[in-house]
Amino acid sequence: MSQFRALAGVLRGGCVGGSRWLQACKGGPARRWVDPRRGCSSGAAPVPSAVASSSNYVEEMYYAWLEDHKNVHESWDVFFRNIQDSSPSGEAGERHPSALLEGRVLSHSPNMAQKVVEDHLAVHTLIRAYQIRGHHVAQLDPLGILEADLDSFVPSDLITTIDKLGFYGLDESDLDRSFQLPSTTFIGGADTTLPLQEIIRRLESSYCGHIGIEFMFINNVDQCQWIRQKFETPGIMQFTNVEKRTLLARLIRSTRFEDFLARKWSSEKRFGLEGCEVLIPALKTMIDKSSAAGIDSVIMGMPHRGRLNVLANVIRKELDQIFCQFDPKLEAADEGSGDVKYHLGMYHERINRETDKNIMLSLMANPSHLEAVDPVVQGKAKAEQFYRGDTQGKKVMSILIHGDAAFAGQGVVYETIHLSELPSYTTHGTIHVVVNNQIGFTTDPRVARSSPYPTDVARVVNAPIFHVNADDPEAVMYVCRVAAEWRATFNKDVVIDLVCYRRFGHNEMDEPMFTQPLMYKQIRRQEHVLKKYSDRLIAEGVVTLQEFEEEVAKYDKICEEAYTSSKDEKILHIRHWLDSPWPDFFTTEGEPKSMSSVPTGLDEEVLQHIGQTASSVPLEDFKIHPGVSRILRGRADLVKNRQMDWALGEYMAFGSLLKDGIHVRLSGQDVERGTFSHRHHVLHDQEVDKRICVPMNHLWPDQGPYTVCNSSLSEYGVLGFELGFAMASPNALILWEAQFGDFNNTAQCIIDQFISPGQAKWVRNNGIVLLLPHGMEGMGPEHSSARPERFLQMSNDDPDQFPEFSGDFEVQQLYDCNWIVVNCSTPANYCHVLRRQILLPFRKPLIIFTPKSLLRLPDARSSFDDLAKGTKFKRLISDAGPADQNSAQVKRVIFCTGKVYYELARERKQQKLERDIALIRLEQISPFPFDLVRKEAEKYGNAELVWCQEEHKNMGYYDYVRPRFLTVVANRKPIWYVGRDPAAAPATGNKSTHLNELKRFMDTAFNLSAFHGKDL
Ligand SMILES: Cc1ncc(C[n+]2csc(CCOP(=O)(O)OP(=O)(O)O)c2C)c(N)n1
Ligand SMILES: [Mg+2]
């Protein structure tokens, strides 16, 4: 608003008033007009409506114009030309100024001038209308029967018929009149004026042909101009014969690959690309252009449709490796359960033929869950950029391919797109390609989305959207070229909407006529794009029929030969489909380099150094908040006493890993400070806006980098992102923290589909760490439980089998599990488990239930001794009190995990039962420490075994630990349950109920006759 006012003031005071302006300008340079494309003239005014009504002014302008047409602004030039052209015969050729003015201008000038100005404004508005709404009438549907924007309505400001000119107060007679083109269009090329007819023709061709562009919502004027220039400049969409032949060759490969699969495996699901064969040349064009711009690594994510074709013809996976996937008899060579062929990933380095440069292409493995892979791809791309120092995305980029229904319907698309501009999450521009076959399984778009296009979600980040008719391969290549240039120029997301069709059913077994009869009647009539394009190139003389047929035969032969050699394949190597190999981390066979447990203790001086940094402000003249100052002083006191709280324990873990050059990245909502205000990893100068200090990055000169970043308020997107980040390198500790543990369920898909089964499906390790604040503290149904039961239920260790391991039990067990679930009760053990995560010779996801009240509980502190050299992570913490000394007399052993230990310990002390009851903490819940639990059970051979948890009986750990305890004691003893009753909600909303529940189960825990006479 204020800017607008300031501008208005300048205009009022400026030389815009009639003859005053002319006089002032007369003394100026002879030519004061600037190229309208670059903006407004500083000293000249185009036809201003109010001014134009002044006959004096017009007269003066007219004389100036007669002297030399270039004396006046181009708009006045057009104006006088129009008047001359529309003068009665005789006058037109008459050069006597006063006669013309008297006859045509002076008597009519107010009306005439007004009309000319209005017409010009109308034409400007018309141009803008095409730029904004032209895409609504673009011919995007190859079938010619559907509306890509789900609306047959034609905007009234587009000139689809001559009578529509009336909308602007124009009519047919105006078609030959020339109009000045505004600076916001490039349709004129070198011409600054064009006849109306030509203006409309060019607008129609730029905006209403096979390409529909949505970009006028972009707030940045330069970016809008850039797009206008790319699509409006006459003749810009031309291709050389060589380019056309390359395009044809790629289309042949794409089409014939699908044909080949269909011929050989007619009844196999493969989710063919038929109807969008152009996707392959489209991706290749983007990659060519990006390679030319300096990109040498492209990370891609895509759903089922056309995936095998992308693997074959874009990534260039060996065809025999793809074909052998169809052999049902092949046995898998690797551990794990594997995945179906259209979910597997791939990683391949090759030479880009167009640029002769090396390029790494990887397609991430993904689950069936549509769009779930999007944030994972972004995280992986970000990590590669980070480790390569590619701070602007000039070397590494991501491409995401989507289905139309999924892109519109899945919320994770929004969550991912919303990361695109955030400093710690941006990948500096993603090219999104939507395979818009105008159907999702059996569902029509009109009932699948409320937005006009499936791509509207991308508008929120000002990404331009290029809709294109997929049956026009050259139009598709053009938008791909522009998209790649856009990404290279602006480092922002861009969307290509390939409007196509699906030639067959959802998969090859499906009958689409059940649900889309008319659409499929049309599809059956639809000529194949390869046929259409080859006919066209043959007609143009770009290729001969013989050349075309030879190219087809050549590729068919390649497929046949690969098919033959695929039959020699005896074993299926899932390892060959790895999307993120870590070559130096494993042996050449992909095995861990050692299998022994790792000491995770630290030197005293390291602990002291980290402790001091954690309690100080490493920058000069940096004023922190007094509250933070108090926290740092508290830390300093702890360090002086060789003690640590939770935050210090975390500091010790991160700091010591950084010392070894490990990258540590902690991401999640409000992680910088910590939801519970305990962490304070980022200090804020109280006097200088946005000045921050991350002490963790000031520990050692050659330390690894520490990244701590508050994320967007998303779990699905951000956890997926961090999982992808953790894929890039084994030498990084990547942690995602939920604000409260239960919020992990909005990221359930990432947990269920990637984290739990990732290695089993795709033979890839991942060491992501989830920090899930958990604990029943009377905070209500939410904010209490991180749902341990869900994680434990997915743990793959056998409850009924006592494992017989040779070698190092702890490490072997970790190696065999799908993930590690811990609930540490001390800061030292938390530090150990984080360090173990990196020091292990393999990577497993680590789920940590983290405390809330324990963050500050004095009893829950650790001594530096607990982290001293030679110490290690304790999977189980034995009782070290009187019970331990008289184990045979102990009547009850209570096993527990996490915070409830402190409540039990307090109560036991109060009731003076320390000799009778042993308290044992399970710190690593899964994989279950069978060996250590057995030792404890044997040690307290005369005692009852109790499992105590604060969670409700149908939640928490009970269902997981119970069968394992029974396996340990060979079913000879019961394991009694103490805890809250079963419930539907994870916790009560009522504080007093919460306390009553606590009291009740504490009473049971310490009532030594509670289970007497009870049946098992
Ligand atoms: C999250 C999720 N929900 C449901 C499905 C089941 N499903 C598989 S494909 C599909 C239709 C997808 O349509 P679209 O995104 O347009 O892709 P197309 O198959 O048309 O290429 C559905 C609903 C799924 N795979 N993932
Ligand atoms: Mg679809």
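It should be emphasised that the depicted structure is a prediction, and the values quoted were computed from it without experimental measurement. (Residues numbered from 1 in each chain as written. Chains lettered and ligands numbered in written order. Predicted model: local features only at pLDDT ≥ 70, side-chain atom pairs only at ≥ 80, totals over all residues. Heavy atoms only, no water.)

### Quick word on helix H19 (residues 529-540)
An ideal rise of 1.5 Å per residue puts 16 Å on 12 residues; H19 measures up with 16 Å between its terminal C-alpha atoms. Along H19, the residues that are buried comprise Val 529, Leu 530, Tyr 533, Ser 534 and Leu 537. Take H19 and look down its axis: the buried residues cluster within an arc of 120 degrees, on one side only. Of the surrounding elements, those touching the buried residues of H19 are helix H10 (241-264), helix H17 (473-490) and helix H20 (545-566). Gly 541 occupies a position one or two residues after H19 and carries a positive phi of about 80 degrees. (Helix = DSSP H or I, 4+ residues; strand = E, 2+ residues; numbered from the N terminus. Expected span 1.5 Å × (residues − 1). Buried < 20%, exposed > 50% of the residue type's maximum accessible area, 1.4 Å probe, protein only. Arc of directions from axis to C-beta. Contact = heavy atoms within 4.5 Å.)

### Digging into the pairing of strand E18 (residues 732-737)
For E18, a buried count of six out of six residues is recorded, marking the element as mostly surrounded by other parts of the structure. Residues of E18 alternate between two faces, with Ala 732, Ile 734 and Trp 736 on one and Leu 733, Leu 735 and Glu 737 on the opposite face, all of them buried. The sheet contact formed by strand E14 (residues 663-668) and E18 spans six bridges and is parallel. Paired with Gly 668 across the two strands is Glu 737, which belongs to E18. (Pairing = 2+ DSSP bridges.)

### Concerning the site of ligand 1
Among the 15 residues in the neighbourhood of ligand 1, the closest are listed as Arg 305, Ser 368, Asp 404, Ala 405 and Ala 406. Between ligand 1 and Ala 406 there is a distance of 2.9 Å, counted from an oxygen atom to a backbone nitrogen or oxygen. In terms of residues, the shell around ligand 1 owes the most to one element, helix H15 (residues 404-409), which gives three residues. Looking at side-chain class alone, the shell around ligand 1 contains five nonpolar, eight polar and two charged residues. (Near = heavy atom within 4 Å. Polar contact = N/O pair within 3.5 Å; in protein donor to acceptor, adjacent residues only side chain to side chain. Nonpolar A, V, L, I, M, F, W, Y, C, P; charged D, E, K, R; others polar.)

### Description of the packing of aromatic side chains
The final tally for this structure, using the stated rule, is 39 aromatic pairs. Ring geometry for Trp 947 against Tyr 957: centres 6.1 Å apart, planes inclined by 70 degrees, an arrangement best described as edge-to-face. One end of the pair, Trp 947, is in strand E27 (residues 944-952); the other, Tyr 957, is in the loop between E27 and helix H33 (958-968), with 10 residues separating them in the sequence. The residues Trp 947 and Tyr 957 share a single accessibility class, namely buried. Among the aromatic side chains, those forming a connected cluster through ring pairs are Phe 791, Phe 802, Trp 819, Phe 849, Phe 895, Phe 928, Phe 930, Trp 947, Tyr 957, Tyr 960 and Phe 965. The ring of Tyr 901 has Arg 921 lying over it, and the distance from NZ or CZ to the ring centre is 3.7 Å. For Arg 934, the ring lying beneath its charged end belongs to Phe 802, and the centroid distance is 3.8 Å. (Phe/Tyr/Trp six-rings, centres within 6.5 Å; stacked < 30°, edge-to-face > 60°. Lys NZ or Arg CZ within 6 Å of the ring centre and 35° of its normal.)

### Examining the sheet that holds strand E24 (residues 892-896)
Here five strands make up an open sheet; going across it, the order is E23-E25-E24-E27-E28 and the pairing mixed. Every interior strand has two partners, whereas the edge strands, strand E23 (876-877) and strand E28 (975-980), have only one. The pairing of E24 with E27 spans four bridges and is parallel. Of the residues in E27, the one forming a bridge with Ile 894 is Val 946. Packed onto the sheet, H33 meets E24, strand E25 (917-922), E27 and E28 and runs at close to 165 degrees relative to E28. (Axes fitted to C-alpha atoms, helices over the stretch in contact; angles between N-to-C directions.)

### Description of the pairing of E14
For E14, a buried count of six out of six residues is recorded, marking the element as mostly surrounded by other parts of the structure. In E14, alternate side chains face the same way, and those of His 663, Arg 665 and Ser 667 on one face and Val 664, Leu 666 and Gly 668 on the other are all buried. Bridge analysis of E14 against strand E17 (residues 706-710) gives five bridges, and the strand direction is parallel. Its bridge partner lying in E17, Arg 665 is registered against Thr 707.

### Things to note about the environment of Trp 577
Relative to the helices and strands, Trp 577 is located in the loop between strand E12 (571-572) and helix H21 (604-614). What makes Trp 577 buried here is its relative accessible area of 3%. A C-alpha to C-alpha distance of 7.3 Å links Trp 577 and Tyr 347, two positions 230 residues apart in sequence. In contact with Trp 577, not counting residues within four places along its chain, are Leu 311, Lys 317, Gln 321, Ile 322, Gln 325, Leu 344, Gly 345 and Met 346.

### Quick word on empty space enclosed by the protein
By rolling a water-sized probe across the atoms, one finds the places where empty space is left. Counting across every chain of the model gives seven cavities of 30 Å³ or more. Here the largest cavity is characterised by a volume of approximately 100 Å³. Around the largest cavity, the lining residues are Leu 723, Met 727, Phe 754, Ile 755, Gly 758, Gln 759, Trp 762, Arg 764, Asn 765, Asn 766, Asn 818 and Pro 845. Of all the secondary-structure elements, those providing two or more residues to the lining of the largest cavity are helix H24 (716-728), helix H25 (748-755) and helix H26 (758-762). Ranked by residues supplied to the lining of the largest cavity, first place goes to H26 with three residues. Partitioning the lining of the largest cavity into residue classes produces six nonpolar, five polar and one charged. (1 Å grid on protein atoms, 1.4 Å probe; cavity = no way out; pocket = protein on both sides within 12 Å on 5 of 7 lines; lining within 4 Å. Points joined across faces, edges and corners; volume = space filled by probe spheres on them.)

### Some thoughts on the coordination of the magnesium ion (ligand 2)
Taken together, the protein donors to the magnesium ion (ligand 2) comprise Asp 404 (OD), Asn 437 (OD1) and Ile 439 (O), at separations of 2.0 Å. One chain supplies every donor for the magnesium ion (ligand 2), spaced along it as D-x32-N-x1-I. In this pair, Asp 404 is assigned in helix H15 and Asn 437 in the loop between strand E9 (430-436) and strand E10 (465-469), connecting sequence segments 33 residues apart. Taking the relative accessible area as the measure of exposure, Asn 437 reaches 5% and is therefore buried. (Donors = N, O, S within 2.8 Å, 3.2 Å for Na, K, Ca; no water.)

### Quick word on the pattern of salt bridges
A side chain of one charge can pair with a side chain of the opposite charge if their charged atoms are brought near each other. Overall, the coordinates contain 51 salt bridges when judged by the stated rule. The salt bridge involving Arg 177 is made with Asp 174; its shortest N-O contact spans 2.6 Å. Close ionic contact of Arg 875 with Asp 931 constitutes a salt bridge, the shortest N to O distance being 2.9 Å. Here Arg 875 is found in the loop between strand E22 (862-863) and E23, whereas its partner Asp 931 is found in helix H32 (residues 930-939), with 56 residues between them in sequence. You can call Asp 931 partly exposed: its relative accessible area is 21%. By sharing partners, the salt bridges in this structure join Glu 810, Arg 836, Lys 872, Arg 875 and Asp 931 into a single network. (Salt bridge = Lys/Arg side-chain N within 4 Å of Asp/Glu carboxyl O.)

Any functional reading would require information beyond the geometric quantities listed.
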